[in-house]
Structure formats: C-alpha cells, structure tokens
Amino acid sequence: MGRFAIEYPARGGTIPFPDSFVDFVQPGNNATAKGVVPLSTMSDPDTRPSFEHTTLPHLDAAYNLARWLLRNDHDAEDAVQDAYLRAQKAFGSFRGGDGRPWILTIVRNVCYTVLRRSRRGLPTEAFDDSLHGSPDLHADANAAAWREARAERLEEAMARLPAEFSEVIVLHELEGLSYREIAQVADVPIGTVMSRLARARQKLQAGLTGAPTKDSPHGL
Amino acid sequence: MDCNETRRLLDADLDGELDLVTHLELEQHTRSCAACQALVEGARERAIALRERLPRHGAPAALRARILRSLPKERPAAPVAWPAWRVAGLAACVAFALVGAYNWGGERALSQGLYSEAVAEHVRSLQAGHLTDVLSTDQHTVKPWFAGKIDFAPPVVDLAAQGFPLVGGRLDYIGGKPAAALVFHRGHHAVNLFVWRSGDTPLERRTVEEFGYRAEAWSGSGLNYMAVSEIPLADLQQFTAAYRERTR
C-alpha cells in the first residue's frame, strides 16, 4: 500500500506579498511576462513553493557542483552552506519556475569567489568564441578510448580542466541540465555552453588517449 | 543531411537538444553512413563513461542537517493559512473516515488502483523504450496526432520554459479507458501525464508516493489528469502547477 498524502485545496487564506510584486500585477498591467509565475500561482498557498521545496531537492546537485569546482569536501560544504544562506535571503526575488538552475547559479558564484580568492582553477585561457561551430570543435569521439577509460584516469583528466570546462561536464553529463539551464547557471550565451562542452569533451578525450590538444596544457 | 552537418550536430542530438525534424534527418543519415555511425557510437560511449565512471558527490548528511537547522522555524504563510487548513483538514478527515467506513474498498480502492496502474504504465514506458508514439517537441504536432485515436482533445502545451520540455505523446489505457499520455522531460527523467475522460468518476486532487515514484492527480472540465514521475515531489508539483496554469 502506498502512502497517501492528501492535499486539500486551502482557500480563504491570503499571503502578504512584497509591494514590488503587487505593483507588477496591477489591473491593466497585463503581467504575464516570460518566466514569471503569474500571481494566481504565486499567491495560492497550495502551489506557492516554499524555500525548502524549491532548493532542498537540489542539495545533492549543489554539493556535487561545489565539490567538483573546489575539489575538497571541506570547502565544498562551506560553499554550499553559504550559498543556501544567500539563497534564503534572496528568495524574495525568486520568480517561480525551476529552483535548480537558480540555486546552482548561487552555488557557482560562491565557488568562483572562493577560487578567485585562492587563485585556483580559474579560467586560464581567454576563450575564443569564434571557434564555436568550427569542425575542430567536433573532434571525433573515440568509442574504444571511452569504453576502456578507467575511473581514475577520467578523474585525473577532469582535475586538469579549468573550472569553466569542468563545470559544464558536471552540469550536463552528471546533473543532466539542458544547454539553456547551463547558460543560465554560468551566465553565458547558449552558443558558449555548446563550445565549452565540446572543448571540455575534447580535452578529456585527449587526457585519456595522451594525445596533445592544440592548447597548452593546464596545470593545477 | 551530409557527413559534415551530421558531424556538427551529433553532439547536440545526443544531448537531446535537436528539434524533431533535424533529429530524424540525422538519424536517417547515420543509418546509411558507417563513418557517421561510428562517431555517434563514440559520443554515446563518452556520455556513458562520464555519467557512470565519474563520481557524483552527494551532500553529506551533516551538511543537510546544518542547512535544515538554519531555516527559519516559522513559515511566513503559516499564521494566516493554518486555521483554514485545520478546519478543512479536520472536516475532510472526518468525511474521509466516514466515506471509508461506509464504502470500504469503494472509490478509494479504485483511485488507489488507478495510481498503481499509472505508475506501472510509467515504468513500462521507460523500460520498453516505448515512451512516445509521436515524437515531437511541437504541441501543434502532438495535439492533432491524438485526433481520431481518442474521442477527446487533451490540452497539449510545451513547458520547456518552465523546465519541462514536451517530447511527445502516446496512447495508453488507464482504468480500462483510453488515455492520452503526454511525455515531458526533466533532465534525464521523464514525466508521463495521463489524461482521460472522467465520466462519473472524477479524481480528487491528491498526491501519492509509492516505491520511489510520485503521482499527482486532479480533475477538470470532464477530464482526469494524473502526472507520474520519479523526479522529486517538489519538481512534480512544479510541473503540475505549470501545466494547470498554461491550460486554464
């Protein structure tokens, strides 16, 4: 027998909303702008998501991203906790929709601040966006190399990637975010997400097969 | 489509980012081109290796506990909403108990059966690789596809902007009645939304969790709705809220 969690539509209660939001939906202001959850949803106590509901289901994703970017448990835990505190304060500005890219954006920003302070793993190359779409970006994936790739070898290859490349691998391959969601989290255009993902995959494969990439190697 | 274009697009295809028409063109080309087929195979192996051999670090329990402790104890909505909830909840509990006592094994068992059935259909659709009969991210393709197959028009909307892109539709049966199954994606997960005529058994709005799957049901305009997925409950509720909002 399954557990029943029965929802009763709660009516008759109202939730005070910030003035700015009320202003937005004054009569005559046909406010169903893109990406904004309409007032009917936001004011319904039944469907208005709480901070916990919006962010806690994504705690594993948040930690995974932080752990890959900062590369140790202690820093990752601190960063995620800091990010959740910030998110809580900023929750008033959350416009509804998917909480995952929203919380991951904050986690990423905190991690980058940590990296910047310690000068670790930050982008070490100016990324050439003109490369996007060139055939080189779509270097052939070597089925045998990937099939035989050992886990340690893959992790080593990941560790050699600068943050801007390892994060797209984590967000896409491990967390399953779409290009659009990654673009939101990393605050770059979708085209840049595609070229970074292509380059990251290419670098990882080069790391596995020992073939040199066109770029100079990136040390830690 | 030629080899150059295939080569340029195959990553985006495996990443699930191509539209249906381009996806089919690419598939047609790779079927007849061994060189491109090998590239697709390589990209597929790469995705598998990364997904399965790189560790996904889960949040330590202590971190989760610390974050939970840092949350404010009092919910802002609670003081206003509580009395209404209490009264409605208590009244509904009593009513539910009475109905249950009066008609044990009746309606409740019926809808419980429907949930289990919907979850089973959801699981089957994933296992059999038979998620969709019509594969399209375009609501204007999916909606007419159902015409002539079922005697009602399920509201079809794409919720890509809300994080749940429409991927297609399928014909299914729930409770012995023909149902439209609309398929949405959430990352690597699928959400099946079953829609069928309510007749004289409209579903109460209700959320059920069973064996790691979650279902939310509701009813409106003569149709029953049941959304089923393995995604977190909060995500599923986001989905149903977005769908109801867009189809009002």
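Residues numbered from 1 in each chain as written. Chains lettered and ligands numbered in written order. Predicted model: local features only at pLDDT ≥ 70, side-chain atom pairs only at ≥ 80, totals over all residues.

**Description of the pairing of strand β7 (residues 223-229) of chain B**
Residues and elements named next belong to chain B. Of all 7 residues in β7, 7 are buried; the element is thus mostly enclosed. Burial along β7 is two-sided: Leu223, Tyr225, Ala227 and Ser229 and Asn224, Met226 and Val228, pointing in opposite directions, are all buried. By the bridge criterion, 7 bridges tie strand β4 (residues 189-197) to β7 in an arrangement that is antiparallel. Looking across to β7, one finds that leucine 193 is bridged to alanine 227. For strand β6 (residues 213-220) and β7, the ladder comprises 7 bridges, and the chain directions are antiparallel. Residue pairing across strands places tryptophan 218 opposite tyrosine 225, the latter belonging to β7. Taking the residues between adjacent antiparallel strands as the criterion, β6 and β7 are bridged by 2 residues, where serine 221 takes a positive phi near 50°. (Buried ≥ 20, exposed ≤ 12 C-beta atoms within 10 Å, placed from the backbone. Helix = DSSP H or I, 4+ residues; strand = E, 2+ residues; numbered from the N terminus. Pairing = 2+ DSSP bridges.)

**Some details on unusual backbone geometry**
Phi at aspartate 187 of chain A is positive, roughly 55°, even though this residue is not glycine. As for its position among the elements, aspartate 187 of chain A is in the loop between α10 (179-186) and α11 (190-209). Note on aspartate 187 of chain A: 10 C-beta atoms within 10 Å, which makes it exposed. The phi torsion at serine 221 of chain B lies on the positive side, around 50°, for a residue other than glycine. Here serine 221 of chain B shows up in the loop between β6 and β7. With 9 C-beta atoms counted inside 10 Å, the residue serine 221 of chain B sits in the exposed group.

**Details of the packing of helix α1 (residues 3-14) of chain B against helix α3 (residues 34-53) of chain B**
Residues and elements named next belong to chain B. Close contact between α1 and α3 brings their axes to 10 Å; oriented N to C, the two are set at 20°. Between α1 and α3, the crossing angle belongs to the class labelled roughly parallel. In this structure, α1 meets α3 at a crossing whose hand is right-handed. Between α1 and α3, the contacting residues are Cys3, Thr6, Arg7, Leu10, Asp11 and Leu14 on the first element and Ala35, Cys36, Leu39, Val40, Ala43, Arg44 and Ala47 on the second. For the contact of α1 with α3, the class distribution of residues is 9 nonpolar, 1 polar and 3 charged. (Axes fitted to C-alpha atoms, helices over the stretch in contact; angles between N-to-C directions. Parallel < 35°, antiparallel > 145°, perpendicular 65-115°, else oblique. Left-handed = near helix turned anticlockwise from the far one by under 90°. Contact = placed C-beta atoms within 7 Å. Nonpolar A, V, L, I, M, F, W, Y, C, P; charged D, E, K, R; others polar.)

**With respect to helix α8 (residues 151-159) of chain A**
What α8 of chain A keeps buried is the set Leu154, Ala157 and Met158 of chain A. On an axial view of α8 of chain A, the arc spanned by its buried residues comes to 100°, and they lie on one face. Here the buried face of α8 of chain A lies against α9 (163-174) and α11 of chain A together with α3 of chain B. (Arc of directions from axis to C-beta.)

**A closer look at the confidence of the model for chain A**
Residues and elements named next belong to chain A. For chain A, mean pLDDT is 74; residues scoring 70 or higher make up 65% of the total. Every residue in residues 1-46 scores below 50 in pLDDT, and together they form 63 contacts with partners more than four places removed in sequence or on other chains. Segment residues 214-220: pLDDT under 50, and 5 contacts once partners within four positions in sequence are set aside and those in other chains are kept. (pLDDT = per-residue confidence, 0-100.)

**Notes on the pairing of strand β3 (residues 177-186) of chain B**
Residues and elements named next belong to chain B. Counting buried positions over the 10 residues of β3 gives 8, a clear majority of the element. Across 8 bridges, strand β2 (residues 166-174) lies against β3 in antiparallel orientation. Its bridge partner lying in β3, leucine 171 is registered against alanine 180. With antiparallel pairing between neighbouring strands as the criterion, β2 and β3 make up a hairpin whose turn holds 2 residues, including glycine 175 at a positive phi of roughly 60°. Here 7 bridges tie β3 to β4, and the two strands are oriented antiparallel to one another. Counted as the bridge partner of arginine 186 is histidine 189 from β4. With antiparallel pairing between neighbouring strands as the criterion, β3 and β4 make up a hairpin whose turn holds 2 residues, including glycine 187 at a positive phi of roughly 60°.

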